[in-house]
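Listed here are the chains, written in short residue letters.
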Amino acid sequence: MGYSFRNYTKAQKVQTYVFQCKPALHSEALFADGTGDYRIPAEPMPGDSVKLKFRTAKGNVDKVFLICDGNRFEMKVGESDRIFDYYEVCLPPVRKEYIEYYYEVFAGNSMCYYNKIGVQTEINPAYNFSIMPGFKTPDWAKGAVMYQIYVDRFCNGDRSNDVLDNEYYYIGDFARHVDDWKKYPDAMDVRSFYGGDLQGVMNKLDYLQDLGVEVIYLNPIFVSPSNHKYDIQDYDYVDPHFGKIVKDEGSVLVNGDKINKNSTRYISRVTNKENLEASNELFRRLVEEIHRRGMKVILDGVFNHCGSFNKWLDRELIYEGQEGYEPGAYPSAESPYRSFFKFYDENAWPYNGSYDGWWGHDTLPKLNYEDSTELYNYILHIGRKWVSPPYNVDGWRLDVAADLGHSEEFNHRFWRDFRRVVKEANPNAIILAEHYGDPRNWLYGDQWDTVMNYDAFMEPITWFLTGVEKHSDEFRGDLLGNPDALIGSLRHHMSRFHQQSLEVSMNELSNHDHSRFLTRTNKRVGRTHTLGPEAANENINKGVFREAVVFQMTWPGAPTIYYGDEAGLCGWTDPDNRRTYPWGHEDRDLILFHRDIIKIHKENEVLKRGSLMFLYGAHKVFAYGRFNRKDKMVIILNNNYEETSLCLSVDRLGIMSGTTMRQLILTTEDSYILESKRYVVEDNQLRISVPKISAIVLKAEPTTI
């Protein structure tokens, strides 16, 4: 006999509905990541038992499963608060070098997966979570405030070591000293020197410490003929033009002489061991003083190529006949360094110019590791030397690191060995690589710690806030203020990192290879040789710049300031981005703003090690949260030229109705405000009006959940 629902009593209808109804899955409450709140320990060692946690809305789901390397583990609720359940499971002691996992969530008839980019309806292994037992990045670098110094343009602390006019000849002209510190760099700037040096860095440590800097990253400082010094001449010594010249003999080139073998002043300065040892000693004292102040220092390692002046090649013949130096591979086929370079013509000696140059540049000979065990071991020695006593440097930034060697297989082999020797010498040293594109193959814990974060930081925020490409070479109106492009790019590229790599990634708005961010706010396409340097200063928007800096100081990673950005320095891409620091002409308001936002960053551990959640995106508006079990913060960027009113669901951060959100900082188009304004969350919503061209940082005041 059949039963008709229409014949049920009201009580029977309610009972049937209740028993047959399945709960709606609250997908916004689902969360897990690689931080210490959801993976314990966050950086496990081989043999550790790992506890994994997964967050759901309280009482909302039926089952959660961890899928780990094909094994299925049912998770149980380990703890709850007033908003969430925290499912957990303990993995047996980890023995493998690499483990992948994701989550399955069931609620009634609903089922979904959860991986590094969030809730998914299909499995995509490319976004699985992962564990590499034994892969640890230095704790001091997690969220550390870094400051990049291009030494020649920062501060001249010792005029006796300045490069002299006509001291030598390089790339078509003579080296020259620029007497006017305020002069814009020339379009061809490589052999122009303003006199900045390590003593100048020493003299400005009080300034950097007051700003809040924790790590100083120095562009190359080793003996080299250019101001950028990515054409290394001698890896064993600091350039005396940056260090100390105690023996200054000989003469500069005269009467149009272009033969560097006759540049006896330069030869004396850079080959005399007294000058070289004195320069190394000055650097040792600089590092000692930086450490005494509780800061760290990172060197730039240029190991893919060297320079044509390099003592191993000696194309300029400045080492020929010098006491204590072997013959170079350019003048002599019998040179002990012949295998350090790839020569195409084996019959061209003496003075064999057929060597392989990086990207065809004969001033940048590519190092030939595959054919030289001696070179391979020597560069490993250099990697070890500078992180060891007496110098005790805190790590390396590796120039064009993916280019080293002639194959990817060899490249990985070298960096594995490099990591081994560096970490053996200094376990807390960081290995940070310059890299564009997906870095995943180098970030399995056996090579690099992290990278300069172009794809998951500099490029997305530059497009969103300015619409200008990072060289100021292109304008994209379709990307300006586009939240889908911003969030999609950030979400994908951040997934290429492991958590411990993301937390130490170098997050820069500007650097020596790209235009200054403040110039990008003018939304113009150009370079110094097309528009002139003055155009880089015109129609800039400091309000947009402040938005970018707030993003930089509240986003996962190590916020890295390019010297002078904090003082309002502008500039097109290389070489205009290498202007001198404007001592005496600084934008004091911007410096104070940097000092205050850095202070907020350093005082809130959640900004260094906490989780991240996207909250909202609309045209020219972006909001996100940083949170852990203790603290919750909301950050909003409004890049519109009108006020924007928002209603943000913040319960997914663990912020309940009745919670007070305290404003830590509000930037505006003209300035910034530290006034402690408060907002009360009602019905799980944060209602707030955000002024035009502004950024706001809010923090939840303590509450019990």
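Report follows, based on the coordinates. Every value quoted in this text rests on a predicted model; they were computed, and no experiment measured them.

**Focus: the overall build of the protein**
Right, on to step 1. If you tally the helices and strands in the protein, you get 15 helices and 32 strands.
Right, on to step 2. For the protein, whose C-alpha radius of gyration is 29 Å, the value lies close to the compact-globule estimate of 27 Å for 705 residues.
Right, on to step 3. Projecting the C-alpha coordinates of the protein onto the three principal axes gives extents of approximately 110 × 55 × 45 Å.
Right, on to step 4. In the protein, which comprises 705 residues, the share counted as buried stands at 61%.
Right, on to step 5. Across the protein, the fraction of contacts at a sequence separation of at least 24, relative to all contacts at a separation of at least 6, is 70%.
Right, on to step 6. Here the protein has roughly 26,800 Å² of accessible surface; of this, 47% comes from carbon and sulfur atoms.

**Thoughts on the environment of Ser80**
Right, on to step 1. With respect to the secondary-structure elements, Ser80 resides in strand β4 (residues 71-80).
Right, on to step 2. For the pair Ser80 and Trp415, spaced 335 residues apart in sequence, the C-alpha separation works out to 44 Å.
Right, on to step 3. Other than its neighbours up to four places away in sequence, Ser80 contacts Lys58 and Asp85.
Right, on to step 4. Only 2.6 Å separates the side chain of Ser80 from the side chain of Asp85, close enough to count as a polar contact.

**Overview of the pattern of salt bridges**
Pairing between side chains of opposite charge can happen when their charged atoms approach one another.
Right, on to step 1. Under the defined criterion, the tally for this structure stands at 56 salt bridges.
Right, on to step 2. Here Arg293 makes a salt bridge to Asp206, at a shortest N to O gap of 2.7 Å. Here Asp206 lies in helix α3 (residues 205-211) and Arg293 lies in the loop between α5 (273-292) and β18 (296-301), a separation of 87 residues in the sequence.
Right, on to step 3. Here the residues in one salt-bridge network are Glu167, Asp248, Arg265 and Arg269, joined through shared partners.

**Points about the sheet that holds strand β10 (residues 146-149)**
Right, on to step 1. Spatial ordering of the open sheet is given by β21-β20-β19-β18-β15-β10-β23-β22, a layout of 8 strands whose pairing is parallel. Each end of this open sheet is capped by a strand with a single partner; those strands are β21 (450-451) and β22 (506-508).
Right, on to step 2. With 4 bridges joining them, β10 and strand β15 (residues 215-218) adopt parallel strand pairing. Looking at β15, one finds that Met146 is bridged to Val215.
Right, on to step 3. Taken strand by strand, helix α13 (residues 542-554) contacts β22 and β23 (558-562), and its axis lies near 140 degrees from that of β23.

**A look at the nonpolar core**
Right, on to step 1. Among the nonpolar cores identified, the biggest contains 140 residues, and Tyr147, Phe283, Phe303, Trp396 and Phe622 are the most heavily contacted of them.
Right, on to step 2. Every residue in contact with Phe622, bar those within four places of it in the chain, is listed here: Phe464, Leu486, Ile487, Leu490, Phe551, Trp555, Phe614, Tyr616, Ile635, Ile636 and Leu637.
Right, on to step 3. Core analysis: the next-biggest nonpolar cluster, separate from the first, contains 53 residues, Phe31, Phe54, Met75 and Val89 among them.

**Observations regarding the packing of aromatic side chains**
Right, on to step 1. This structure, assessed with the given rule, holds 64 aromatic pairs.
Right, on to step 2. With centroids separated by 5.9 Å and ring planes inclined at 90 degrees, the aromatic side chains of Phe65 and Phe106 adopt a geometry described as edge-to-face. In this pair, Phe65 sits in strand β3 (residues 63-68) while Phe106 sits in strand β6 (residues 99-107), placing the two residues 41 residues apart along the sequence.
Right, on to step 3. A residue is classified by how much of its surface remains accessible, and Phe65, at 12% relative accessible area, is buried.
Right, on to step 4. Given the relative accessible area of 25%, Phe106 is considered partly exposed.
Right, on to step 5. Sitting above the plane of the Tyr325 ring, Lys273 keeps its charged end 5.1 Å from the centroid.
Right, on to step 6. Residue placement shows Arg629 over the ring face of Tyr86; its charged tip is 3.9 Å from the ring centre.

**Looking at the pairing of strand β28 (residues 660-667)**
Right, on to step 1. In terms of burial, β28 is largely enclosed, as 6 of its 8 residues are buried.
Right, on to step 2. Pairing geometry for β28 and strand β29 (residues 672-673), over 2 bridges, is antiparallel. Within β29, the residue paired with Thr667 across the bridge is Tyr672.
Right, on to step 3. In sequence, β28 turns back onto β29 through a hairpin of 4 residues.

**A look at the side chain of Thr450**
Right, on to step 1. With respect to the helices and strands, Thr450 occurs in strand β21.
Right, on to step 2. If we skip the residues at most four places from it in the chain, Thr450 touches Ile430, Ile431, Leu432, Ala433, Leu443, Phe497, Ser501, Val504 and Ser505.

**A look at unusual backbone geometry**
Right, on to step 1. The step from Pro389 to Pro390 runs through a cis peptide bond, and the omega angle for that step is 5 degrees.
Right, on to step 2. Relative to the helices and strands, Pro390 is located in the loop between α6 (373-385) and β19 (395-398).
Right, on to step 3. For the bond from Asp574 to Pro575, the omega torsion is 10 degrees, close enough to zero to count as cis.
Right, on to step 4. Inspection of the secondary structure puts Pro575 in the loop between β23 and α14 (588-603).
Right, on to step 5. With a phi angle near 60 degrees, Lys523 is a residue other than glycine that sits in the positive phi range.
Right, on to step 6. By the element assignment, Lys523 lies in the loop between α11 (517-520) and α12 (528-531).

**Thoughts on the packing of helix α8 (residues 454-466) against α13**
Right, on to step 1. The N-to-C vectors of α8 and α13 enclose an angle of 150 degrees; their axes lie 11 Å apart at closest approach. Judged on the interaxial angle alone, α13 and α8 are roughly antiparallel. Here α8 and α13 pass one another in a crossing that is right-handed. Along the contact surface, α8 presents Phe457, Ile461, Leu465 and Thr466, while α13 presents Val544, Glu547, Ala548, Phe551 and Gln552.
Right, on to step 2. Split by residue class, the contact of α8 with α13 holds 6 nonpolar, 2 polar and 1 charged.

**Considerations on helix α7 (residues 408-425)**
Residues spaced three or four apart along an α-helix face the same direction, because each turn holds 3.6 residues.
Right, on to step 1. The first and last C-alpha atoms of α7 sit 26 Å apart over 18 residues, in line with the 26 Å expected at 1.5 Å per residue.
Right, on to step 2. Buried within α7 we find Phe410, Asn411, His412, Phe414, Trp415, Phe418, Arg419, Val421, Val422 and Lys423.
Right, on to step 3. In this structure, the buried side of α7 is in contact with α6, β19 and β20 (430-433).

About the thresholds
Residues numbered from 1 in each chain as written. Predicted model: local features only at pLDDT ≥ 70, side-chain atom pairs only at ≥ 80, totals over all residues. Heavy atoms only, no water. Helix = DSSP H or I, 4+ residues; strand = E, 2+ residues; numbered from the N terminus. Rg over C-alpha atoms; globule rule 2.2 N^0.38 Å. Buried < 20%, exposed > 50% of the residue type's maximum accessible area, 1.4 Å probe, protein only. Contact = heavy atoms within 4.5 Å. Areas by Shrake-Rupley, 256 points an atom, 1.4 Å probe, with all protein chains shown as cover. Polar contact = N/O pair within 3.5 Å; in protein donor to acceptor, adjacent residues only side chain to side chain. Salt bridge = Lys/Arg side-chain N within 4 Å of Asp/Glu carboxyl O. Pairing = 2+ DSSP bridges. Axes fitted to C-alpha atoms, helices over the stretch in contact; angles between N-to-C directions. Core = buried A, V, L, I, M, F, W, Y, C linked by side-chain atoms within 4.5 Å. Phe/Tyr/Trp six-rings, centres within 6.5 Å; stacked < 30°, edge-to-face > 60°. Lys NZ or Arg CZ within 6 Å of the ring centre and 35° of its normal. Parallel < 35°, antiparallel > 145°, perpendicular 65-115°, else oblique. Left-handed = near helix turned anticlockwise from the far one by under 90°. Nonpolar A, V, L, I, M, F, W, Y, C, P; charged D, E, K, R; others polar. Expected span 1.5 Å × (residues − 1).

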